[in-house]
Each structure stands twice: as structure tokens, then as C-alpha cells.
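Chain by chain, the residues:
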Amino acid sequence: MKLAPSDCRTVKTTCPYCGVGCGILARRNEEGTVTISGDPTHPANFGRLCSKGVALGETLDLEGRLLTPEVNGASATWDEALSLVAERFSAAVAEHGPESVAFYVSGQLLTEDYYVANKLMKGFIGSANIDTNSRLCMASSVAGHRRAFGSDTVPGCYEDLELADLIVLVGSNLAWCHPVLYQRIVAAKAARPEMKIVVVDPRRTVTADTADLHLAIDPDGDVALFCGLLSHLKNAGVLDEAYIANHTEGLDAALAAADIGPEQVASQTGLTLDEIERFYSLFAATEKTVTLYSQGVNQSVCGTDKVNAIINCHLATGRIGRPGMGPFSITGQPNAMGGREAGGLANMLACHMDLERDDHRSLVRDFWQSPVIADRAGLKAVELFQAVADGRIKALWIMATNPVDSLPDADGVQAAIASCPFVVVSDLLAETDTARHAHVKLPSTGWGEKDGTVTNSERRISRQRAFLPAPGEAKPDWWQMGQVAQLMGHHEAFDYPDPASIFREVAALSAQDNAGARDFDIGDCADMTLHDYERLEPFQWPRPKDTAPGDARFFAKGGFFTANRKARFVPVAPAGREISEASPQFRLNSGRVRDHWHTMTRTGKSARLSAHTAEPFAEIHPDDASRLGITEASIVEVISGDHKARLRALITRRQKAGRLFVPMHWNGLFASAARINALIPPVMDPHSGQPALKSGRVAIRPFKVGLFGFAVSSNKPDPNGCDYWALARCKGGWRLEFALTRTTDDIDGFAARLFREAAAQQLETLAYSDREKHDERRASFDGSRLLNALYLSAEPVAVSRLWAAEQLDKGYDLRQSRYRIIAGRPLGDGRDPGAIVCSCFGVGAKDIGAAVRSGSSSVDAIGRALKAGTNCGSCRSEIQEIVDAESVVAAE
Ligand SMILES: Nc1nc2c(c(=O)[nH]1)N[C@H]1C(S)=C(S)[C@@H](COP(=O)(O)OP(=O)(O)OC[C@H]3O[C@@H](n4cnc5c(=O)[nH]c(N)nc54)[C@H](O)[C@@H]3O)O[C@H]1N2
Ligand SMILES: Nc1nc2c(c(=O)[nH]1)N[C@H]1C(S)=C(S)[C@@H](COP(=O)(O)OP(=O)(O)OC[C@H]3O[C@@H](n4cnc5c(=O)[nH]c(N)nc54)[C@H](O)[C@@H]3O)O[C@H]1N2
Ligand code: SF4
Ligand SMILES: [Mo]
């Protein structure tokens, strides 16, 4: 069915992935497809998008969507489902008190959703048991900001990254996780090559490849590094005495705590004296310095101390709030900042007000006209699920997050949720590892279908706008919460007709009795009409009423949000080394890959994005691998207590010996045993409650495989019965990696089970077998089209994955050509692009290598020859790597 031309408008919206918050132009086409491009007028990206943003159109199909409410697995009406939710929450509160219920929400909610959830829990149910996945993400930054500034304020702007002469990236893989911001830095450095970049990361990431200095720090050595830096800055005489005297307090205690010399820093960080000296001198000599940090800082037992160790160095040099300088916590999720503004954390109130302050509590309560107001912090994420496990929580509502995969002790969390008397899950999908355990599932509208606002890492509020109709009976999250609140008896306070009315209320509360006393003030939006809200352009807060836009930055002239308006130096001391190098265990680091998002519920739908990394892996150093008998592309077992993960070995010198890196993304629907959080214990930072997700302790051993397999199939294969498997989307269907501990003689029976869906069809099957080598191949054709192909071998299967996957989409009229499938490689004209590097144009490593060898010797030249790297640019560092490697080969 063709769409009417009037439905084919271009809508300005904001990307639903990372905290860069790029502006997007989305256009529905007459055939129903969606065209996505960067919004050239948006100040976050000026038209740029990364590979995930570019591929958004591929994640919007309705496959797997939850389209009606469900109660105990059966479809229900909204009335039935919502009444049950209200009834069960009210009953739990009446019987066991307000602390017996909880909400667990997400930085992927819109500010309006977040605000309603928080208002209901803190003001009307009367408990602060609402926490968010931002606890896993930003809590240490929030705690560090509040300790130093008295408020959770990000002082700087993105522009500072372009104006800086030195950028220090600490625990941030910016090239993959915030690609557009990274591209802005790369462009600034190209224009001003004297700009320096230092990367502090135990792994040699793609981000580290382009740095002037990579400090491969020992895990959690950051506090020692920045304490040593503070001492160095003092000794080098570069402290800003005037700023310190006028705007701060507590420097002496901080200096006393940080009193360590370079030798101690070296022993606590594993860095050489030369590396430390280079970094310290550069920092001391460069006024325009931005220190940008992310999960390598936050997700740690000493995350908050890391944040304050960094902030101390900026306060001491007065490098804060001025162009090109400042500490910069880069946020992960699209609305991590908005969630903090709405008060989504269990220890915050709405609009950056404090739960501990009587005056703030009564202000909010009066404003809400609420019957109660929570007066003590609620349970933080990890504790919250512990309370679910031990039966204290009787009713739980999970919204826009997948804790069964993303929290530490993930199997414990799964068991806790399964044992909870009443669980509600609001999600886009019918089946997630979490939704499986819900008594009530509520279908939410997703990106492109919902309206509201998000705040990016530089405090810029932008609109997300709907451009698609809500599918089935899906409804916005704010509506669901508002309805339940009304059914619980709070009609007037939750009678919101639209998101604009909620946004106005946020704005009004932010301005209430404020007059500069609090950082977050968007009072200018309090009287906004629906029409204004529709047209709202991206803006940075603060935006108080009747005041001309002021400085976009905070704290250049002090004005902190503490009682005496001075910043506090926080005395932090390095904790010393906790593990001996002789430990038989590996330190388990975890994080992200370029083209997947979190638990893959959205990016897993895109063939283009899945091509970059199609399988979960463990990065391991070559020395460790050879010591343990782990060979390239074999399967390894990573073990912690009773928990095991099975992953593909990726042997690389990017990793140091004694350490592993495993991506966080693979959930139970895409791989047999790759939920890495099942192996990570629920150890937390004592100040922020943020779990130390980058520091598991594991053993690793080879997984004995009898038969390795690879398959492509137009229908989803059924890998049940395989001892290891990982599924990924590909153009035209699915690709499957698998392994069996034992060989099998009944290959055809195995194939029939694997391709169950195709088994009923009349197919023509070609076969090849070499019994001795256990080399078996099958390819089945439906008419002229390849329906599935199966490759088995005693060794890891050496078949070009991408080429095989591409064949699903092609016609095979000539019988001869069908044997190519069995051969597993292109013949003659067939091209094998190698592992995909550029997702936008599907260009692989082999293509790029070949182009370098025929004379394209720079990233730009590769772009001219193959288009690779010329769209979103996310892969430019990887292209550079191939260019460098080929150039070395050429020189040898
Ligand atoms: N492609 C992609 N992009 C994303 C996301 C995604 O899922 N996929 N998620 C978004 C979200 S929510 C977030 S929070 C951000 C996260 O963005 P990042 O924080 O940049 O990403 P991570 O890969 O989690 O971790 C960053 C680095 O910390 C390093 N690290 C580990 N331990 C230490 C340590 O002790 N010290 C130091 N200095 N470094 C250490 C790791 O080796 C890793 O390279 O990304 C956002 N962007
Ligand atoms: N080991 C390890 N674990 C980690 C991390 C790590 O680095 N290492 N990082 C942590 C961090 S920083 C983060 S942010 C978390 C992320 O972890 P999660 O938040 O658990 O991951 P997502 O896959 O983003 O889950 C979002 C869910 O919400 C659904 N959804 C999407 N849009 C909407 C919507 O509009 N409404 C509703 N109701 N649902 C929606 C999706 O289908 C999906 O099921 O993971 C954390 N876990
Ligand atoms: S950098 Fe990429 S993922 Fe992040 S907001 Fe921009 S387009 Fe989206
Ligand atoms: Mo995050």
C-alpha cells in the first residue's frame, strides 16, 4: 500500500542511541520505507551520523514487536492490564508499605516518561524505590559532581573539544561509542595538528590508535595517575592560586591525600616513568585541556574517587567552564542527562533537587500537591534486585531496560525477577531475557513513534518527534505510568493530555523558588504552548525565564551550588594494588563494539550492523593464548564460580597479558552462553552504588570442540542442541556459528533439525563430504534460490562468511554455479570483501587491503576509490589501521 504524499513529510528528530544526541531528518517514503539523514542544523552533529544512526531505518520493522498488552502470556485489553497493575501495586503498598514496590527504569526513556514515573513513586506512592540503568552508567559521575560542585552539573560544551589544545580521554572508547563527537575531534585535529590527544585505557582501542600518547594503564590505576598529576601540578607551580582562593576549599587536604611521586604512580599504574612524565608535562603546560571520561572511570569500585581525582586537577588549575577546558563526563544513553534532571535516581529528587534537604522536599511536595514525599534514598539498582531476591519487593515495574542481561550477577537477577510475585515489563519487544518473566507485558511505542525530549551530554535539550504511527496497541511510557497513577487514585496530578503538558510542568518545577540557587532551570519553557513545543529547537540549559541566554558553561567564575558557593576539593587517595601479578585469574574487562547497542534488541535486527562483529568474542593476549593452548578462532570457556561463558577467541596484542575483554552485548536470544554479566559479581563503588562492570575475575580454558560449524539460512535456524552457537542477521536471512563437542555421523538428520522450518519443503540439496577430515557441506535450493547452506569441519570453518551470507539473496539458475556454494568461496568474478569495516557501503578489510596495494595509500584515497569511510566516518580509524598494516607489509 502506498502512503499518501501528505504522510511523506521530513521530520526533525534526535537519534535514540548514544549521549551525543545527534539531530536526524527522518522521512517516510511512499513505499513505506524510511530515509534517515543527519540534520545539518543540529548543533551536536551538524549533519554527521555514525553507522548506528545511519542504519536506524533497518531497525524499525515490526518483527518481534509486542503489539498488545499481555497478562500471564495471553492478550489482554489495556483496561484489564492497567487495572491489574494498579490493583497489585496498591495492594502491596497497603499490605507491606510503600517500600515493598519498585520501578526500574532507563536512560532510554524520554524526560516526560521519566518525570511521571518519578513523580508517582516519590510523591504519591511515597517511596524512593525508583532507580535506573543510569546507575550502571553515570552514577559515579553524578556522585563525583555532587561532592565537588554541590550539584550534578556538566560544566562544558562539545565546542570545548574543538577548542582544546589537549584532550585526555580516560576510560572512553570514543571512536566507537560516541563516533560523531570523535569525528569532530578528528576534524579539529586535522585543522590544528598541534592539538594533542592522550588516551588512558588498559586496552589499545581504535580510539588509542589515533592518540599522540596511549597510556595502557593497569585497571583502576586512574586514581593514582590523577593524584600523582595533582602533586606534579603543585610542584610545577602551575596551580591557579586566585581561582583556588576565591572559588574553592579543601586543596591542602586533597594535596596531602594525593602526595605520591612518579615512582609510586608507576608501580600502581604499570606505566613507565617516561610515559608518566610525558603526560604530566603535557597537562601542566597546556591550559586549554579537556579531560573527557566514561565507563573506564565510572564502572569501578573507585569510580567516584576517579571522577574527583580528575576534577581536582581541573579545579586546581582553574581550567573549568572556560572555552576549551574542563572535566567532561560524557553520557552513554540518549537521555541519561534528562533522567538525572527528572530525578530518576533513587537518591535524587526531581529537577536536580536533593532528597536529603528538607527545603527541597517540601518545595517539591507543595508543587506536586502530593500526599507524601519520600524522605530517604531508595534502593539502588543492585540492591534493588537483591531486595527482589529476598522477597522485600512484592511488585516491580521494569521499563525500557533489560536487567537480566545488563546487571552484574545476571543469573541472580534473573532468578530474583522470576521469583517476584508481580512483575510488569514495558518494552518494544515481545521477547527479551527480562520480558520472559513478566506477569504483565505492556507494549510501548518506540523511537519514531513517540514524542518528547531528551538531553544530551552537553545539556542540550532536543525533541524526539514521531514520524510513524503507533503499531498495534502500543502506547507511550508516560501514558502507561499516568494511567496507573490515576487508577491508584491520583487523578488530577496525572491527568496529562500530552507530553507537552508534562514538559511544561518540569520547566515550572525547575524554576520554582530557584533564582539561580540551583543549576537546572528551564523556566522559560514553563508557559510553552503545544505549538511552541512542536517547534522547539535544540537548546542548552540553563534557560531561566525572562533572561537572555547567558554563558553556555558553568563555573568559570565559581558560583558552585554548595552552601558557600565554593567548589570542594575531595581528598582521594590511590587504593594501592589489589591483585598480585601472580594471580592465576584473569581480570575481566567488558564494554562495547562499534555497531551494536547494549543487549542488541535493536541493532541485532540490522544485517548491516551485525556484519561488523557477528559473534561474541574474548580478546586475549597471544602469550596467554599459547600458554593455555588456545588457538585463533577456537572457542574458549570463560569461568567464574559456577558460571561459564563460551566465546570465540580473538588473540590480539591490543590486550595485555593477564586480562580479557568481552563485549557486553550478546543476550540469550543471539548466543548460547555469552551473557557476560552472569560472570561479573555485584561489587559496587561505595559512594555511587555503581557496579564495577569492568573488573570481573575469571579463569579461561579452551573449549574442546569435535565439530565446528557455520550456516546461512533464509529462515531462522534452530541451534538447540549445539554446544556453542551465535546467531546474527544477514541480508536475506540469518548466519549461524556453532560448535559441537562431539562429531556426528548423521549429518542430514542434524541439518534437518537445524533448518527445521525448511524441512517440509521440497528442496534440491547438494552435498559434499570428506569423512576423514569431518569436512561436510550441504546446500539446499528452492528453485533457483539458495535456501540454506551448512559447513562442518574438525577445524574452525574456513569459509568466507560474508560471501556465503550474500548468496542467500542471489539466484542460482546454473547448476554449475551452485557448486560454488559447496566450495564455500567465490570463483572467478565472485568477490570476497573480507570482514566488514565500512557498514554504510558494505566494504570489507580485503577490499581495502587490495585498494591499498593498488595505490590508495590514505584513508581519503580509500574513500575516493571505494567510498568506504565517506558517509558516517565511524570506520575511518579502522581503515587507517589497514592502510598502516599494508604499508608495513609493502616496506618489508
Ligand atoms: N557502539 C555503541 N556505542 C555506545 C553504546 C553501545 O552499546 N554501543 N552504549 C552507550 C552507553 S549507554 C555508554 S555508557 C557509552 C560507553 O562508552 P565507553 O565508556 O567509551 O565504552 P566502554 O566500551 O564501556 O568502555 C570504555 C573503555 O574503558 C576501558 N577501561 C576498562 N577498565 C578501565 C580502567 O580501569 N581505567 C581506564 N582508564 N579505562 C578502563 C575499556 O577498556 C574500554 O575501552 O557508550 C554509548 N555508546
Ligand atoms: N558487563 C557490562 N555490563 C554493562 C555495561 C558494561 O559496560 N559492561 N554497561 C552498562 C550500561 S553503561 C548500560 S547503560 C546498560 C544498558 O543496559 P540495558 O538498558 O539493559 O540495555 P538495552 O539493550 O538498551 O535495553 C533497553 C530495553 O528497552 C527496550 N526499549 C527500547 N526503547 C524503548 C522505549 O521507548 N520504551 C520502552 N518501554 N522500552 C524500550 C528495548 O527493546 C530493550 O529491551 O548496561 C550496563 N551493563
Ligand atoms: S554518534 Fe551515532 S549513535 Fe550517537 S547520537 Fe550520533 S548518530 Fe546516534
Ligand atoms: Mo550506559
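Bear in mind that the values here come from a model prediction, so they are computed numbers and not experimental data.

Novice: Is there a simple way to think about the packing of aromatic side chains in this case?
Specialist: Two descriptors summarise a pair of aromatic rings, namely the distance from one centre to the other and the angle between the planes of the rings. In the structure shown here, the tally under the stated rule is 26 aromatic pairs. Arranged with centres 5.5 Å apart and planes meeting at 40 degrees, the rings of phenylalanine 738 and phenylalanine 750 form a pair that is tilted. Here phenylalanine 738, found in strand S29 (residues 733–740), pairs with phenylalanine 750, found in helix H26 (residues 747–754); they are 12 residues apart in sequence, far enough to count as distant. Here phenylalanine 738 matches phenylalanine 750 in class, with each residue buried.

Novice: Help me out: how do you make sense of the site of ligand 2 in this one?
Specialist: Around ligand 2 sit 30 residues, and of these Asn133, Ser406, Asp427, Lys450 and Thr599 come closest. A distance of 2.9 Å separates a nitrogen atom of ligand 2 from a polar side-chain atom of serine 590. Alone, ligand 2 offers 930 Å² of accessible surface; in the complex the protein occludes 99% of this. The residue makeup of the shell around ligand 2, split by class, is eight nonpolar, 17 polar and five charged.

Novice: What's the story with the sheet that holds strand S17 (residues 452–455) in this structure? I'm lost.
Specialist: Strand pairing in a sheet relies on backbone hydrogen bonds, with the paired strands running either antiparallel or parallel. Reading across from one edge, S17-S18-S19 is the order of the three strands in this open sheet, with antiparallel pairing throughout. Edge strands, defined here as strands with exactly one partner in the open sheet, are S17 and strand S19 (539–540). Sheet analysis places S17 next to strand S18 (residues 460–464), joined by four bridges and oriented antiparallel. Bridging across to S18, glycine 452 finds its partner in glutamine 464.

Novice: How do you make sense of the environment of aspartate 409 when you look at a structure like this?
Specialist: Within the secondary structure, aspartate 409 sits in the loop between helix H19 (403–406) and helix H20 (410–419). By relative accessible area, which is 29% here, aspartate 409 ends up partly exposed. Expressed as a C-alpha distance, the spacing of aspartate 409 and serine 839, which sit 430 residues apart in the sequence, is 33 Å. Beyond its immediate chain neighbours, meaning those up to four positions away, aspartate 409 contacts Asn677, Ile680 and Pro682.

Novice: How should I be thinking about the site of ligand 3 in this particular structure?
Specialist: As a structural note, the neighbourhood of ligand 3 is formed by Cys15, Tyr17, Cys18, Gly21, Cys22, Leu49, Cys50, Lys52, Gly53, Pro179 and Val180. Its residues assigned to classes, the shell around ligand 3 shows eight nonpolar, two polar and one charged.

Novice: What's the story with the domain arrangement of the chain in this structure? I'm lost.
Specialist: Size of an interface, as often reported, equals the accessible area lost when the parts are brought together. Segmentation of the chain into domains returns domain 1 (5–59), domain 2 (70–137 + 343–540), domain 3 (138–329), domain 4 (586–702), domain 5 (707–823) and domain 6 (836–891). When each unit is reduced to the centre of its C-alpha atoms, the spacing between domain 1 and domain 3 is 33 Å. Listed as interface residues are 12 residues of domain 1 and, on the opposing side, 10 residues of domain 3. Of the roughly 790 Å² buried between domain 1 and domain 3, counting both surfaces, carbon and sulfur atoms make up 65%. One can count zero salt bridges joining domain 1 with domain 3. One can count four residue pairs in polar contact (both at pLDDT 80 or more) joining domain 1 with domain 3. Residues belonging to the side of domain 1 that touches domain 3 are distributed by class as follows: eight nonpolar, two polar and two charged.

Novice: I would appreciate a short explanation of the environment of arginine 876 in the present structure.
Specialist: The residue arginine 876 is located in helix H32 (residues 876–891) in this model. Its relative accessible area of 27% is what places arginine 876 among the partly exposed residues. As for arginine 876 and valine 206, which are separated by 670 residues in sequence, their C-alpha atoms are 9.7 Å apart. If we ignore the near neighbours within four places in the chain, the residues touching arginine 876 are Gln183, Val859, Asp860 and Gly869.

Novice: Teacher, can you tell me more about the UniProt feature "domain: 4Fe-4S Mo/W bis-MGD-type" (unreviewed entry) in the chain here?
Specialist: Residues given the UniProt feature "domain: 4Fe-4S Mo/W bis-MGD-type" (unreviewed entry) here are residues 8–64. Between the C-alpha atoms that bound residues 8–64 there is a distance of 25 Å. The span itself is 7% helix and 28% strand.

Novice: Would you mind showing me how to read helix H15 (residues 303–316) here?
Specialist: Think of an α-helix as 3.6 residues a turn; residues three or four steps apart then line up on the same face. When the terminal C-alpha atoms of H15 are compared, their 20 Å separation across 14 residues agrees well with the 20 Å that a helix rising 1.5 Å per residue should span. Of all 14 residues that make up H15, 14 are buried, and the element is covered over most of its length. The positive-phi residue at the C-terminal boundary of H15 is glycine 318, with phi of around 65 degrees.

Basis of the calculations
- Residues numbered from 1 in each chain as written.
- Chains lettered and ligands numbered in written order.
- Predicted model: local features only at pLDDT ≥ 70, side-chain atom pairs only at ≥ 80, totals over all residues.
- Heavy atoms only, no water.
- Phe/Tyr/Trp six-rings, centres within 6.5 Å; stacked < 30°, edge-to-face > 60°.
- Helix = DSSP H or I, 4+ residues; strand = E, 2+ residues; numbered from the N terminus.
- Buried < 20%, exposed > 50% of the residue type's maximum accessible area, 1.4 Å probe, protein only.
- Near = heavy atom within 4 Å.
- Polar contact = N/O pair within 3.5 Å; in protein donor to acceptor, adjacent residues only side chain to side chain.
- Areas by Shrake-Rupley, 256 points an atom, 1.4 Å probe, with all protein chains shown as cover.
- Nonpolar A, V, L, I, M, F, W, Y, C, P; charged D, E, K, R; others polar.
- Pairing = 2+ DSSP bridges.
- Contact = heavy atoms within 4.5 Å.
- Domains from an automatic or database assignment.
- Buried area = accessible area lost by both parts, 1.4 Å probe.
- Salt bridge = Lys/Arg side-chain N within 4 Å of Asp/Glu carboxyl O.
- UniProt positions renumbered as here; feature names shortened; annotations may be inferred.
- Expected span 1.5 Å × (residues − 1).

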